[in-house]
Amino acid sequence: MEYLVENWGNFVGVLGVIVSAAGLWYAILARRAARSAEQAANEARRALSRNLSSVDIERAVALIDRIKALHRRGNWEWVLELYPELRRTLTEIHASMPEDLDEIRSTVFESISWVVGIENKVSRALYANTEPDDAAGLDDTLTRIQQNLETLQSTDVHRR
């Protein structure tokens, strides 16, 4: 007992070292757990983004098909109502893509400006009570956008 009384400081020091080591070990494990949780959250976010992006791509492709059909029928007033929806969908696709895919993001962004150009041509023609010049060219541009979207959807590039 006398030994304990004389050396209690040493025992407290050893106990302090043990508690500190345990605390350090706990902090390391907690940090690993936090990293794992962050990775899981990022993966979940990417999976949700992929699903939403895939749905948006399907919607954009269907819209383009519908717009081209209306072009062929000459329903220019009706088609003017679909261009804004196509632009919004392309914007959503662009926004949902990871920033590290600059080349593909720029292609989608370029597609938005092509749709704006088509919409302006059709709108100007309707104000002039005529049909747009080169309706086939408008469809060619829409087909190019559609092909880009289908390529994007069929590859795993947008799934990163």
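Up top you'll find the structure we're talking about.
Computed from a predicted structure; not experimentally measured.

A. Spotlight on the overall build of the chain. A tally of regular secondary structure across the chain gives five helices and zero strands. The helix and strand sequence of the chain, counted from the amino end, reads α-α-α-α-α. Burial status across the chain gives 29% buried among its 160 residues. Accessible surface for the chain amounts to roughly 10700 Å². Of this, 55% is attributable to carbon and sulfur atoms.

B. Expanded view of the environment of Ser-123. Among the secondary structure elements, Ser-123 is positioned in helix α4 (residues 102–127). Take Ser-123: its relative accessible area is 23%, and that puts it in the partly exposed class. For the pair Ser-123 and Trp-76, spaced 47 residues apart in sequence, the C-alpha to C-alpha distance is 8.4 Å.

C. Summary view of the side chain of Glu-119. Mapped onto the elements, Glu-119 comes out in helix α4. Here Glu-119 falls in the buried class, since its relative accessible area comes to 15%. A polar side-chain atom of Glu-119 sits 2.9 Å from a polar atom in the side chain of Arg-87. Excluding anything up to four places from it in sequence, Glu-119 contacts Leu-80, Tyr-83, Pro-84 and Arg-87.

D. Main features of the nonpolar core. Counting residues in each nonpolar core, the largest one holds 26 residues, and the members touching the most others are Leu-86, Leu-90, Ile-93 and Leu-149. Contact partners of Leu-149, with chain neighbours within four places excluded, come to Ile-57, Ala-60, Val-61, Ile-64, Leu-90 and Ile-93.

E. Helix α5 (residues 135–154), seen in detail. Between its terminal C-alpha atoms α5 stretches 28 Å, which fits the 28 Å expected from 20 residues at 1.5 Å a residue. Where α5 is concerned, the buried positions are Gly-137, Leu-138, Asp-139, Thr-141, Leu-142, Ile-145, Gln-146, Leu-149 and Leu-152.

F. Examining the packing of aromatic side chains more closely. Evaluation of the coordinates by the stated rule reveals zero aromatic pairs. For the cation-ring pair, Arg-144 lies above Trp-114, with the distance from its terminal atom to the ring centre recorded as 4.7 Å.

G. Region of the structure containing the side chain of Ser-54. Tracing the chain through its elements places Ser-54 in helix α2 (residues 8–73). Under the relative-accessibility criterion, Ser-54 is labelled buried at 14%. Polar contacts involving the side chain of Ser-54 include one to the side chain of Gln-153, which spans 3.4 Å.

What counts, and where the lines are drawn
- Residues numbered from 1 in each chain as written.
- Predicted model: local features only at pLDDT ≥ 70, side-chain atom pairs only at ≥ 80, totals over all residues.
- Heavy atoms only, no water.
- Helix = DSSP H or I, 4+ residues; strand = E, 2+ residues; numbered from the N terminus.
- Buried < 20%, exposed > 50% of the residue type's maximum accessible area, 1.4 Å probe, protein only.
- Areas by Shrake-Rupley, 256 points an atom, 1.4 Å probe, with all protein chains shown as cover.
- Polar contact = N/O pair within 3.5 Å; in protein donor to acceptor, adjacent residues only side chain to side chain.
- Contact = heavy atoms within 4.5 Å.
- Core = buried A, V, L, I, M, F, W, Y, C linked by side-chain atoms within 4.5 Å.
- Expected span 1.5 Å × (residues − 1).
- Phe/Tyr/Trp six-rings, centres within 6.5 Å; stacked < 30°, edge-to-face > 60°.
- Lys NZ or Arg CZ within 6 Å of the ring centre and 35° of its normal.

By themselves, these figures tell us nothing about what the structure is for.
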